[in-house]
Amino acid sequence: MTALPIELRADCSRCVGLCCVASSFSRSSEFAFDRDFGTPCRNLQDDHRCAIHARLRTSGMSGCTTYDCFGAGQRVTQELYGGRSWREGPAVAEPMFADFWAAQSVHELLWYVSEGLERVAAGPVQARLQALADELDALMSSSAALRAVDVLALPALVQPALDEVVALVGGGGPQHRRADLAGRRLTELRGATLRGASLLGADLRGADLREADLLGADLRGADLRGADLTTALFVTPRQVASAHGDATTRLPSRLGAPPQQWG
Ligand code: SF4
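These remarks concern the structure in this document. (Residues numbered from 1 in each chain as written. Predicted model: local features only at pLDDT ≥ 70, side-chain atom pairs only at ≥ 80, totals over all residues. Heavy atoms only, no water.)

1. Looking at the pattern of salt bridges
Enumeration over the complete set of coordinates arrives at 21 salt bridges. R254 is paired through a salt bridge with E115; the nearest N and O atoms lie 3.7 Å apart. Residue R254 is located in the segment after α7 (237–242), and its partner E115 is located in helix α3 (residues 90–119); the two are separated by 139 residues in the primary sequence. Residues R254 and E115 agree in their burial class; the two are buried. Of the charged contacts, one joins R195 and D213 as a salt bridge, the two residues approaching to 2.8 Å between their closest N and O atoms. Of the two residues, R195 is situated in the loop between α6 (154–169) and α7 and D213 in the loop between α6 and α7; the sequence distance between them amounts to 18 residues. (Salt bridge = Lys/Arg side-chain N within 4 Å of Asp/Glu carboxyl O. Helix = DSSP H or I, 4+ residues; strand = E, 2+ residues; numbered from the N terminus. Buried < 20%, exposed > 50% of the residue type's maximum accessible area, 1.4 Å probe, protein only.)

2. Structural notes on the environment of L233
Following the sequence through the fold, L233 ends up in the loop between α6 and α7. For L233 and E88, which are 145 residues apart along the polypeptide, the C-alpha to C-alpha distance reads 41 Å. With near-sequence residues (within four places) excluded, L233 lies in contact with E115, R119, V165, V166, V169, G170, E211, A212, D213, L214 and L215. (Contact = heavy atoms within 4.5 Å.)

3. A look at the site of the ligand
The ligand sits among C20, C41, N43, L44, C50, I52, L56, M61 and C64. Considered class by class, the residues forming the shell around the ligand number eight nonpolar, one polar and no charged. (Near = heavy atom within 4 Å. Nonpolar A, V, L, I, M, F, W, Y, C, P; charged D, E, K, R; others polar.)

4. So, the packing of helix α2 (residues 72–80) against α3
Following both chains from N to C, one finds α2 and α3 inclined at 130°, their axes separated by 9 Å at the closest point. Classed by the angle they form, the pair α2 and α3 counts as oblique. In the crossing of α2 with α3, the sense of the turn from one axis to the other is right-handed. Together, A72, G73, R75, V76, T77 and L80 of α2 and M96, D99, F100, A103, Q104 and H107 of α3 make up the contact between the two elements. (Axes fitted to C-alpha atoms, helices over the stretch in contact; angles between N-to-C directions. Parallel < 35°, antiparallel > 145°, perpendicular 65-115°, else oblique. Left-handed = near helix turned anticlockwise from the far one by under 90°.)

5. Focus on the environment of Y112
You can see Y112 is positioned in helix α3. Once the C-alpha coordinates of Y112 and V21 are considered, the two residues, 91 residues apart in sequence, prove to be 26 Å apart. If we ignore the near neighbours within four places in the chain, the residues touching Y112 are L162, L215, F234 and T236.

6. Section: the nonpolar core
In this structure, L18, W86, L136, L194, L199, L204 and L209 are the most contacted members of the largest nonpolar core, which totals 80 residues. Elements represented by at least two residues in this core include exactly α2, α3, α4 (124–139) and α6. In terms of residues, this core owes the most to one element, α3, which gives 14 residues. Once you skip the residues sitting within four places of it in the chain, L18 turns out to touch G73, V76, T77, W86, M96, F97 and F100. (Core = buried A, V, L, I, M, F, W, Y, C linked by side-chain atoms within 4.5 Å.)

7. Structural notes on the layout of surface pockets
Considering only enclosed or pocket space, the second largest pocket measures out at about 310 Å³ in volume. Contributing to the lining of the second largest pocket are 17 residues, with L109, Y112, P155, Q159 and L215 lying nearest its centre. Breaking the lining of the second largest pocket down by element, the ones donating at least two residues are α3 and α6. The element contributing the most residues to the lining of the second largest pocket is α6, with five residues. Grouping the amino acids of the lining of the second largest pocket by side-chain chemistry returns nine nonpolar, four polar and four charged. (1 Å grid on protein atoms, 1.4 Å probe; cavity = no way out; pocket = protein on both sides within 12 Å on 5 of 7 lines; lining within 4 Å. Points joined across faces, edges and corners; volume = space filled by probe spheres on them.)

8. With respect to unusual backbone geometry
Here F70, not a glycine, exhibits a phi torsion of approximately 60°, which is positive. Positionally, F70 belongs in the loop between α1 (62–65) and α2. The backbone of R178 sits at a positive phi, close to 55°, despite the residue not being glycine.

9. Comments concerning the packing of α3 against α6
Where α3 contacts α6, the axes come no closer than 10 Å and their chain directions differ by 25°. By the angle between their axes, α3 is roughly parallel relative to α6. In the crossing of α3 with α6, the sense of the turn from one axis to the other is left-handed. Side by side, α3 and α6 meet where V106, L109, Y112, V113, G116 and R119 of the first sit next to L154, P155, V158, L162, V165 and V169 of the second.

10. Section: the packing of aromatic side chains
Overall, the coordinates contain seven aromatic pairs when judged by the stated rule. Centroid distance F25 to F31: 4.2 Å. Interplanar angle 0°. Geometry classified as stacked. Both rings, one in F25 and one in F33, keep their centres 5.5 Å apart while their planes meet at 65°; by these two values the pair is edge-to-face. Lying over the aromatic face of F33, R42 brings its terminal NZ or CZ to 3.7 Å of the ring centre. The side chain of R254 reaches across the aromatic face of W111, ending 4.1 Å from its centre. (Phe/Tyr/Trp six-rings, centres within 6.5 Å; stacked < 30°, edge-to-face > 60°. Lys NZ or Arg CZ within 6 Å of the ring centre and 35° of its normal.)

Take a look at the structure:
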């Protein structure tokens, strides 16, 4: 197994609450109030901690529990800004917010590429993945490098290599690429192509999702109780946190502990 020496999970203790100010949301079932981009959340404390962290769901802020910056927040804060905060004023805040959003995109792609490196032990695909990881990581070396890149074009850069990973270790199951499977009851999904599929509220209880390609699949509200995702491909913390699961859900080991809200 090859692991990247890069943190790809959020560590809020080393961030300055970037996602709680450099983002926006509208009042909905996931957020209790409106907030504009650049306006600090009313629940963000001076120490950059959330005052309602332990009761986000019961406070109508479930949307915050499904968010993960893939480690971009602490990296921008510590490596690009030396621990400084947007609270110092616009001269810091404006570039910091822009860097944070670009960094999130880069770190999300690093999440997928790093998984490929873990799954493909050797050979030309592994070499291509390593080159991509180095290229993406180099973008994190400075604000100038981040600002020079077209983040919208980056997914196309990594897509071919990720396809090769799927061809080597996944596939062979039902083809549901970008399919609308919202609310459907599905169980036989081993090796399925679910890339970009909508699985909103889908009933996936007991489903076999081993080797299924879940890149970009929308799992919000999907019922994963008893489902087996141990070798599913390209599953993210955001996807898992947005779904329903419990102790019987089997997750890929790289995701670590199940989301707190699963109990
Ligand atoms: S409720 Fe808490 S986690 Fe959500 S945006 Fe506000 S401060 Fe951040």
